[in-house]
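Listed below are the residues making up each chain.
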Amino acid sequence: GDLRSSHVAIVSTVKAPFEVLRPWINYHRNVGIGQIFLFLDDPEDEALEPLESFDRVHAIPCTEEYWKSASCERPEGLIARQVVNVNHGIALAEGMGCGWVAHIDSDELIRPLVSLDKLLSATNATALKMTVLEAVSEGLECDSIFDAMLFKKVPGRVQAIAARLLGCRRAFAYGEYFRGHAESKMLIRTDGTVARMGVHKPEETGEEVRLSETDDIQLLHFDCIGIADWDKKWRDRVGKPNAYYGMRPARLRQRDAYEHAAAD
């Protein structure tokens with residue numbers, strides 16, 4: 001197949017310390033990711049300088065000048081900023097010869113179970129959804145996401161009912177098995193067929209956009225691994241209404257529980 005079609009890039013909007021980003025970058029380079037585009041949500045991010053020493057890693061501070069170049073003011077909500085960044089990143093990746101792009105966060109890892117080159121060269125899909133797994137915290141403290149070894153799969157309806165009947169109700173938080181997002185993310189072609197990409201999937205899909213799924217590429221999501229991570233995630237959102245835009249009811253109830261616990 002065309003080598004270009006199997007050259008994969010990652011695009012991510014990040015706000016994480018360099019010591020968190022470094023192993024995340026090295027992991028993805030080791031599994032065959034060709035280019036990594038990091039949009040630094042904090043334009044004064046101290047990670048910028050050390051990131052510039054990495055080959056094939058492109059750190060882009062989201063400065064006022066950056067948003068002007070994107071023909072917009074800095075969006076208030078993170079999701080809106082991510083959408084601008086991923087579409088800019090896709091254009092940059094295409095310009096560097098990458099045939100595919102995955103939009104993920106710094107608490108997510110792409111885990112291919114087969115050769116990325118062979119799989120992506122063989123598919124006729126425009127966008128390929130990865131299988132999402134959610135990491136399970138085995139203790140209150142965790143040094144890095146690589147400490148987590150257990151993962152949840154999205155249960156089917158029958159499995160969910162059986163779990164409740166067998167006394168596993170506490171595995172469900174407000175009716176949901178996953179604490180974070182249960183919707184996975186996609187690898188998409190950079191050939192222009194997808195006019196606009198969203199956080200999880202294409203925002204505009206015509207007949208020419210072919211969506212497919214694969215069990216051969218997993219998306220490992222490390223949502224709140226350890227109490228410190230959980231505390232920081234919700235503390236950073238308290239008092240910021242835009243931080244909850246589009247959030248599922250179960251997640252909003254998690255927020256309410258956090259705010260209630262913090263008040264005590």
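K.L.:
Could you give an account of the nonpolar core, naming the residues involved and the relevant values?
P.N.:
Counting 40 residues, the largest nonpolar core has Ile-25 and Ile-110 as its most contacted members. Elements represented by at least two residues in this core include exactly β1 (8-14), α1 (18-30), β2 (35-40), β4 (100-103), β5 (108-112), α5 (116-122), β6 (127-136) and β9 (211-221). When neighbours within four sequence positions are excluded, Ile-25 is seen to be in contact with Ile-36, Leu-38, Leu-51, Phe-54 and Val-57.

K.L.:
I'd like to hear about the packing of helix α7 (residues 227-235) against helix α8 (residues 249-263), residue by residue, with values.
P.N.:
Running from N to C, α7 and α8 point in directions that differ by 100°, and their axes come no closer than 10 Å. As judged from the angle between their axes, α7 and α8 are roughly perpendicular. Of the residues in α8, those in contact with Trp-230, Asp-231, Lys-233, Trp-234 and Arg-235 of α7 are Arg-251, Gln-254, Arg-255 and Tyr-258. Across the contact of α7 with α8, the residue classes tally to three nonpolar, one polar and five charged.

K.L.:
So, the state of the cysteines: which residues are in play, and what are the values?
P.N.:
Throughout the structure, instances matching the rule amount to zero disulfides. Note on Cys-62: no disulfide assigned, nearest cysteine sulfur contributed by Cys-72 at a separation of 9.9 Å.

K.L.:
How would you summarise the environment of Leu-187 if you had to cite specific residues and measurements?
P.N.:
Tracing the sequence through the fold places Leu-187 in strand β8 (residues 186-189). The exposure class of Leu-187 is buried, given its relative accessible area of 1%. Each C-alpha atom, one on Leu-187 and one on Leu-128, is 5.1 Å from the other, the two residues being 59 residues apart in sequence. With sequence-adjacent residues up to four places away left out, Leu-187 is seen in contact with Val-8, Trp-100, Val-101, Ala-102, Leu-120, Thr-126, Ala-127, Leu-128, Met-130 and Ile-217.

K.L.:
Account for unusual backbone geometry, with residues named and values stated.
P.N.:
One can expect most non-glycine residues to show negative phi and most peptide bonds to be in trans. Here Ser-71, not a glycine, exhibits a phi torsion of approximately 60°, which is positive. Counting through the fold element by element, Ser-71 comes out in the loop between α3 (64-69) and α4 (78-95). You will see that Cys-224, though not glycine, has its phi angle at about 55°, which is positive. According to the relative accessible area criterion, Cys-224 is buried, its value standing at 11%.

K.L.:
Give me the side chain of Asp-223: which residues, what numbers.
P.N.:
Within the element layout of this structure, Asp-223 appears in the loop between β9 and α7. Separated by 2.8 Å, the side chains of Asp-223 and Lys-233 make a polar contact. Within the structure, the side chain of Asp-223 is placed 3.4 Å from the side chain of Arg-251, a separation counted as a polar contact. Here Asp-223 is in contact with Asp-107, Glu-134, Arg-179, Gly-180, Lys-233 and Arg-251, once residues within four sequence places are set aside.

Rules used throughout
- Residues numbered from 1 in each chain as written.
- Predicted model: local features only at pLDDT ≥ 70, side-chain atom pairs only at ≥ 80, totals over all residues.
- Heavy atoms only, no water.
- Core = buried A, V, L, I, M, F, W, Y, C linked by side-chain atoms within 4.5 Å.
- Buried < 20%, exposed > 50% of the residue type's maximum accessible area, 1.4 Å probe, protein only.
- Helix = DSSP H or I, 4+ residues; strand = E, 2+ residues; numbered from the N terminus.
- Contact = heavy atoms within 4.5 Å.
- Axes fitted to C-alpha atoms, helices over the stretch in contact; angles between N-to-C directions.
- Parallel < 35°, antiparallel > 145°, perpendicular 65-115°, else oblique.
- Nonpolar A, V, L, I, M, F, W, Y, C, P; charged D, E, K, R; others polar.
- Disulfide = S-S within 2.5 Å.
- Polar contact = N/O pair within 3.5 Å; in protein donor to acceptor, adjacent residues only side chain to side chain.

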